[in-house]
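Each chain, written out:
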Amino acid sequence: MPSQVTRLRTRHFLDAHAQGTKFSCLTSYDALTAGIFDEAGIDLLLVGDSAANVVYGRETTLSLTLDETITMAKAVVAATQRAFVVVDLPFGSYEASPSQALESAIRVMKETGAHAVKFEGGAELAPTVEKLVAAGIPVCAHIGFTPQSVHALGGFRVQGRGDQADRLLADASSLAAAGAFAVVLEMVPAPVAARVTKAINIPTIGIGAGADTDGQILVWTDMAGLSTVAPRFSRTYADLRATLTEAASSYIADINSGSFPSEAESFQD
Ligand code: KIV
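A quick note: this is a predicted structure, and the numbers were derived from the prediction, not measured.

Parameters at a glance
Residues numbered from 1 in each chain as written. Predicted model: local features only at pLDDT ≥ 70, side-chain atom pairs only at ≥ 80, totals over all residues. Heavy atoms only, no water. Disulfide = S-S within 2.5 Å. Buried < 20%, exposed > 50% of the residue type's maximum accessible area, 1.4 Å probe, protein only. Helix = DSSP H or I, 4+ residues; strand = E, 2+ residues; numbered from the N terminus. Contact = heavy atoms within 4.5 Å. Phe/Tyr/Trp six-rings, centres within 6.5 Å; stacked < 30°, edge-to-face > 60°. Lys NZ or Arg CZ within 6 Å of the ring centre and 35° of its normal. Core = buried A, V, L, I, M, F, W, Y, C linked by side-chain atoms within 4.5 Å. Expected span 1.5 Å × (residues − 1). Near = heavy atom within 4 Å. Polar contact = N/O pair within 3.5 Å; in protein donor to acceptor, adjacent residues only side chain to side chain. Areas by Shrake-Rupley, 256 points an atom, 1.4 Å probe, with all protein chains shown as cover. Nonpolar A, V, L, I, M, F, W, Y, C, P; charged D, E, K, R; others polar. Pairing = 2+ DSSP bridges. Axes fitted to C-alpha atoms, helices over the stretch in contact; angles between N-to-C directions.

Chemist: When you look at the state of the cysteines in this model, what are you seeing that I'm missing?
Modeler: In a disulfide, the sulfur atoms of two cysteines are held together by a covalent bond. Under the criterion given, the structure shown has zero disulfides. Here cysteine 140 stays unpaired: no disulfide links it, and the sulfur of cysteine 25, its closest cysteine neighbor, is 8.2 Å away. With relative accessibility at 2%, the residue cysteine 140 sits in the buried group.

Chemist: What should I look at first to understand unusual backbone geometry in this one?
Modeler: Trans peptide bonds make up the majority, and among non-glycine residues the majority have a negative phi. Of note, the amide linkage connecting phenylalanine 260 to proline 261 takes the cis form, showing an omega dihedral of 0 degrees. With respect to the secondary-structure elements, proline 261 resides in the segment after helix 10 (240-257). Unlike most non-glycine residues, methionine 187 shows phi in positive territory, near 50 degrees. Considering the arrangement of structural elements, one finds methionine 187 in the loop between strand 6 (182-186) and helix 8 (190-199). Phi at aspartate 269 takes a positive value of approximately 75 degrees, unusual for a residue other than glycine.

Chemist: I'm lost on the environment of serine 93 in this one. Help?
Modeler: Relative to the helices and strands, serine 93 resides in the loop between strand 3 (84-88) and helix 5 (98-112). Taking relative accessible area as the criterion, serine 93 reaches 7% and is therefore assigned buried. Once the C-alpha coordinates of serine 93 and phenylalanine 233 are considered, the two residues, 140 residues apart in sequence, prove to be 29 Å apart. Beyond its immediate chain neighbours, meaning those up to four positions away, serine 93 contacts Gln100, Ala101 and Ser104.

Chemist: Looking at this model, I keep getting lost on the environment of aspartate 212. Mind explaining?
Modeler: Summarising the element assignment, aspartate 212 is placed in the loop between strand 7 (204-207) and strand 8 (215-218). With 192 residues separating them along the chain, aspartate 212 and glycine 20 place their C-alpha atoms 9.8 Å apart. Dropping the residues within four chain positions of it, aspartate 212 is found in contact with Lys22, Ala194 and Thr197.

Chemist: How do you make sense of the packing of aromatic side chains when you look at a structure like this?
Modeler: Aromatic ring pairs: the centre-centre distance and the angle between the two ring planes describe each pair. Scanning all chains against the criterion turns up eight aromatic pairs. Through pairs of rings, three or more aromatic residues link up here, namely Phe13, Phe23, Phe84 and Phe181. Over the face of the ring belonging to tyrosine 56 we find arginine 58, whose NZ or CZ atom lies 4.5 Å from the ring centre.

Chemist: Looking at this structure, how should I read the nonpolar core?
Modeler: Leu26, Leu45, Val108, Val117, Phe119, Leu132 and Leu185 are the most contacted members of the largest nonpolar core, which has 59 residues in total. For this core, the element with the most residues is helix 7 (residues 164-178), which contributes seven residues. Dropping the residues within four chain positions of it, valine 108 is found in contact with Leu66, Ile70, Val87, Leu89, Gly113, Ala114 and Val117. Formed by 17 residues, the second largest nonpolar core is a distinct cluster that contains Phe13, Leu44, Val184 and Ile217.

Chemist: Could you clarify how one ought to interpret helix 5 in this entry?
Modeler: An α-helical turn contains 3.6 residues, so any two residues separated by three or four positions project in the same direction. A rise of 1.5 Å per residue sets the reference length of helix 5, with its 15 residues, at 21 Å; its end C-alpha atoms lie 21 Å apart and thus fit the reference within 8%. Listing the buried residues of helix 5 in full gives Ala101, Leu102, Ser104, Ala105, Val108 and Thr112. On its buried face, helix 5 is in contact with helix 4 (66-78), strand 3, strand 4 (116-120) and helix 6 (126-134). Downstream of helix 5 by one or two residues, glycine 113 has phi in the positive range, about 80 degrees.

Chemist: Is there a simple way to explain the site of the ligand in this structure?
Modeler: In the neighbourhood of the ligand, the contacting residues comprise Thr27, Leu46, Gly48, Asp49, Ser50, Asp88, Lys118, His142, Val184, Ile207 and Val219. Interatomic distance of 2.9 Å between a side-chain N/O atom of aspartate 49 and an oxygen atom of the ligand. Lysine 118 has a polar side-chain atom sitting 2.9 Å from an oxygen atom of the ligand. Alone, the ligand offers 250 Å² of accessible surface; in the complex the protein occludes 96% of this. Grouping the constituent residues of the shell around the ligand by class yields four nonpolar, four polar and three charged.

Chemist: So what exactly am I meant to see when it comes to the sheet that holds strand 5 (residues 139-144) here?
Modeler: Through backbone hydrogen bonds, the strands of a sheet pair up, either in parallel or in antiparallel fashion. With parallel pairing, eight strands are arranged side by side around a closed barrel as 1-2-3-4-5-6-7-8. Each strand of the sheet is rotated relative to its neighbour by a mean of 25 degrees, with strand direction disregarded. When strand 1 (residues 23-27) meets strand 8, the two strands line up parallel, connected through four bridges. If you follow serine 24 over to strand 8, its bridge partner there is glutamine 216.

Chemist: What's the story with the side chain of threonine 80 in this structure? I'm lost.
Modeler: Relative to the assigned elements, threonine 80 resides in the loop between helix 4 and strand 3. Here the side chain of threonine 80 touches arginine 7 through a polar contact of 2.9 Å, side chain to side chain. A distance of 3.0 Å separates the side chain of threonine 80 from the backbone oxygen of valine 77, its partner in a polar contact. In contact with threonine 80, not counting residues within four places along its chain, are Arg7, Ala34, Asp38, Leu45 and Val85.

Laid out in structure tokens, this is it:
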């Protein structure tokens with residue numbers, strides 16, 4: 001992916017797919033992490049509705065609201081210069097009709113400055129993709145395991161196994177034909193994700209979908225070792241939970257012993 005551009009665009013991701021170049025994605029929900037990941041060179045940041053779990057400590061993503069999403073997305077966009085910022089439309093803000101989705105997406109684009117929206121669902125949402133794309137809003141689709149449907153899917157389960165693989169490919173194809181610029185494949189067998197990536201003309205972004213998707217995405221707290229339990233498909237690149245726990249414990253101990261603050265850390269007159 002180009003490193004010198006001021007802002008990545010949908011065309012850079014489409015080019016990456018055509019050229020077989022990999023790209024990197026992470027979630028972010030605040031200005032602090034967005035700035036750090038942007039400086040590190042991440043290509044795409046997702047203000048994911050996983051914020052319901054990570055930021056708000058809720059059991060599922062279902063209760064996240066559009067207002068909560070917009071507050072976080074504003075901070076993420078403001079802290080970045082190069083990363084392409086995608087914002088999840090939360091459960092209940094797009095399913096009723098293409099018009100409802102357009103209204104929600106317009107709020108996101110207008111109020112946050114984000115570059116695209118993402119929502120969960122297959123071919124049944126192709127008309128919604130068409131509607132948003134016709135209004136000038138780039139759409140990232142999301143199929144496979146879709147956390148907003150966790151109850152209907154019977155829990156966190158791999159999707160697209162066996163006979164389901166053809167359905168997954170049909171969903172990806174119709175979302176691409178409707179104008180989506182990318183599609184997230186979550187918890188899909190690696191050979192199925194490879195097949196979808198080969199068959200469609202837009203990039204795939206995998207999470208628990210093997211090595212052959214164009215892009216990879218992880219929830220940043222899983223990647224950084226902050227989550228108490230991370231999914232099997234995740235990789236941990238730091239142990240921030242241990243580092244932060246140690247820092248907080250030392251701070252508490254220094255206060256209790258009277259060694260913080262020192263004279264140098266205090267104002268005299
Ligand atoms: O909400 C989210 O974080 C997501 C990614 C994990 C794909 O949808």
